[in-house]
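Summary of the model geometry
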Amino acid sequence: MKKLFAVLTALLPVIYAISMQLSVFLIKGDEALFAMLGIFLLIGFLLPVSFSIATAAADKRFLAICNLWFYAGNLLLFAYEIVLWCIRYHEEQIAAQNGAMGGGLGLALLIIIAYMPHWIIYLCVRVSGAISTARTLKGISGENARMAHTFLQLIPAADLLSAIWVLRKVNAFQACQQPPIEMK
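Just so you know, these numbers come straight off a predicted model, no measurement behind them.

Next up on the list: the packing of helix 4 (residues 60–97) against helix 7 (residues 158–177). Their axes nearest at 9 Å, the elements helix 4 and helix 7 cross at an angle of 160°. Considering their axes alone, helix 4 and helix 7 lie roughly antiparallel with respect to each other. Note on packing geometry: the crossing formed by helix 4 with helix 7 is left-handed. Here Lys60, Arg61, Ala64, Ile65, Asn67, Leu68, Tyr71, Ala72 and Leu75 of helix 4 come into contact with helix 7, specifically with Asp159, Leu160, Ala163, Ile164, Val166, Leu167, Val170, Asn171 and Gln174. Partitioning the contact of helix 4 with helix 7 into residue classes produces 12 nonpolar, three polar and three charged.

On to the side chain of Asn67. Among the structural elements, Asn67 can be located in helix 4. When near neighbours in sequence (up to four residues on either side) are disregarded, Asn67 contacts Gly129, Ser132, Thr133, Gln153 and Ala163.

So, on to the environment of Phe70. Inspection of the secondary structure puts Phe70 in helix 4. Separated by 87 residues in the primary sequence, Phe70 and Ala157 have C-alpha atoms spaced 12 Å apart. Those residues in contact with Phe70 that sit more than four places away from it in its chain are Ala6, Thr9, Ala10, Phe51 and Val125.

With that out of the way, let us pick up the packing of helix 6 (residues 143–152) against helix 7. Between helix 6 and helix 7, the shortest axis-to-axis distance is 8 Å and the interhelical angle comes to 140°. Classed by the angle they form, the pair helix 6 and helix 7 counts as oblique. Contacts between helix 6 and helix 7 pair Ala145, His149 and Leu152 from the former with Ala158, Asp159, Ser162, Trp165 and Val166 from the latter. Looking at the contact of helix 6 with helix 7 residue by residue, the class counts come to five nonpolar, two polar and one charged.

Cut-offs used in this document
- Residues numbered from 1 in each chain as written.
- Predicted model: local features only at pLDDT ≥ 70, side-chain atom pairs only at ≥ 80, totals over all residues.
- Heavy atoms only, no water.
- Axes fitted to C-alpha atoms, helices over the stretch in contact; angles between N-to-C directions.
- Helix = DSSP H or I, 4+ residues; strand = E, 2+ residues; numbered from the N terminus.
- Parallel < 35°, antiparallel > 145°, perpendicular 65-115°, else oblique.
- Left-handed = near helix turned anticlockwise from the far one by under 90°.
- Contact = heavy atoms within 4.5 Å.
- Nonpolar A, V, L, I, M, F, W, Y, C, P; charged D, E, K, R; others polar.

Below, the structure written as structure tokens:
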């Protein structure tokens, strides 16, 4: 079960991107869009919580790799949202120069309606990652490093760098734990 929750939580950015594209191109009507966003929010909240519960006694390397997957996917989607917003902002500026009005409202609605569900779920994933980081670093590093990396998991972009550090620390710890190879 823990692998299923890990894969589904890692795929949340893909699920979000697909649901947004379906709602924009295939579904006509605000009710369907809000229903889809509501379902995404519910699934996006339940998956990280289920992952945290299911992986209470999981392998440290597994938790570190899962965090890396979670943050990489969410950071890529976050970067995509920034690029898309910049493109829309540029389009609105061109339209404003041609005499159109109300461009800023469209950008604000884009942030509120389209981006906020992903940001809320990204926060849930980061909290879940902070919990698994605390579990991962228990017994591997000191209490101060553990608390610092648990806190870094809550900051966008820093969470990915912290997850890379945690994975390297876990790999080094597990390499030290393995018995040496006997030379014959």
